[in-house]
Amino acid sequence: MIDLLMKRRSIRKYKDMKVPKEKVDSLIKAALLSPSGKTMTPWEFIVVEDNETIKKLAKSKQHGSSFLAESPLAIVVAADSTKTDIWVEDASIAATIIQLEAEHLGLGSCWIQIRGRMHDESKSAENYIKELLEIPENYSVECMISIGYKDEEKKPYTEEDSKYEKIHREKF
Ligand SMILES: Cc1cc2nc3c(=O)[nH]c(=O)nc-3n(C[C@H](O)[C@H](O)[C@H](O)COP(=O)(O)O)c2cc1C
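Below, the structure is looked at part by part.

Here we take up the overall build of the chain. Helix and strand content of the chain: five helices and four strands. For the chain, the α and β elements follow one another from N to C terminus as α-α-β-α-β-α-β-α-β. Against the 2.2 N^0.38 benchmark of 16 Å for 172 residues, the chain shows a C-alpha radius of gyration of 17 Å, consistent with a compact globule. The principal-axis extent of the C-alpha atoms belonging to the chain is close to 45 × 40 × 35 Å. Out of the 172 residues belonging to the chain, those deemed buried represent 42%. When contacts within the chain are restricted to residue pairs at least 6 apart in sequence, long-range pairs at least 24 apart make up 79% of them. In the structure as shown, the chain presents an accessible area of about 10,400 Å², 51% of it carried by carbon and sulfur atoms. Here the chain holds 27 positive side-chain charges and 30 negative ones, and the gap between their average locations is 3 Å.

Below, the structure written as structure tokens:
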């Protein structure tokens, strides 16, 4: 696990290769095994492979999402925010588990923040995505995870990168 966590980096450049069905299936399996508060499972995952839709998703916000256009796969993580007050935590845990499974499968991934971000001056990134993907009213969008075969190399983390000063024992 530590080895996987050291190797996982945000990958924003992908090879022009589809993610095979077995790997997409494993990512879905992993997402659905995510824990949620009171096992409410408020999340929904929209798996997008259609290139035209992915290109539109890449325009969700003005910064930090354009690289998605060249990604073969996006998983949009939404949750029923009327079902539980901790949907943000539930959706975030699921998104992280998807990213860890992607790394385990030899794929690269990157989180694209949607909650609290704007598409333009008048429309939220969330509403832009909800309209595009026909997500019902009671759902909120936390993020999108871009996934594909890595086409950039990033140095794995080392022991020196860990900020041990953030660890406190017994009291802060
Ligand atoms: C909650 C969260 C939101 C993020 N939002 C974005 C984003 O909108 N666009 C992006 O390119 N990267 C985004 N990232 C990726 C971070 O920039 C990245 O994880 C961070 O720089 C550390 O790099 P690493 O993932 O390679 O360890 C996000 C990561 C997290 C955890």
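Turning next to helix α4 (residues 87–104). Its 18 residues give α4 an end-to-end C-alpha distance of 26 Å, which sits within 8% of 26 Å, the value for a rise of 1.5 Å per residue. Contacts from the buried residues of α4 go to α1 (2–7), α2 (21–32), β1 (43–48), β2 (73–80), β3 (108–113) and β4 (139–148). Looking one or two residues past α4, Gly106 carries a phi angle of roughly 80°, positive in sign.

Another point: unusual backbone geometry. The backbone of Lys38 sits at a positive phi, close to 55°, despite the residue not being glycine. For Lys38, the position within the fold is in the loop between α2 and β1. Given a relative accessible area of 80%, Lys38 falls into the exposed group. The phi dihedral of Glu170 falls on the positive side, at around 65°, and the residue is not glycine. Tracing the sequence through the fold places Glu170 in the segment after β4. Look at Glu170 and you get exposed, because its relative accessible area is 84%.

About the cut-offs
Residues numbered from 1 in each chain as written. Predicted model: local features only at pLDDT ≥ 70, side-chain atom pairs only at ≥ 80, totals over all residues. Heavy atoms only, no water. Helix = DSSP H or I, 4+ residues; strand = E, 2+ residues; numbered from the N terminus. Rg over C-alpha atoms; globule rule 2.2 N^0.38 Å. Buried < 20%, exposed > 50% of the residue type's maximum accessible area, 1.4 Å probe, protein only. Contact = heavy atoms within 4.5 Å. Areas by Shrake-Rupley, 256 points an atom, 1.4 Å probe, with all protein chains shown as cover. Lys, Arg positive; Asp, Glu negative; His and termini not counted. Charge placed at Lys NZ, Arg CZ, Asp CG, Glu CD. Expected span 1.5 Å × (residues − 1).

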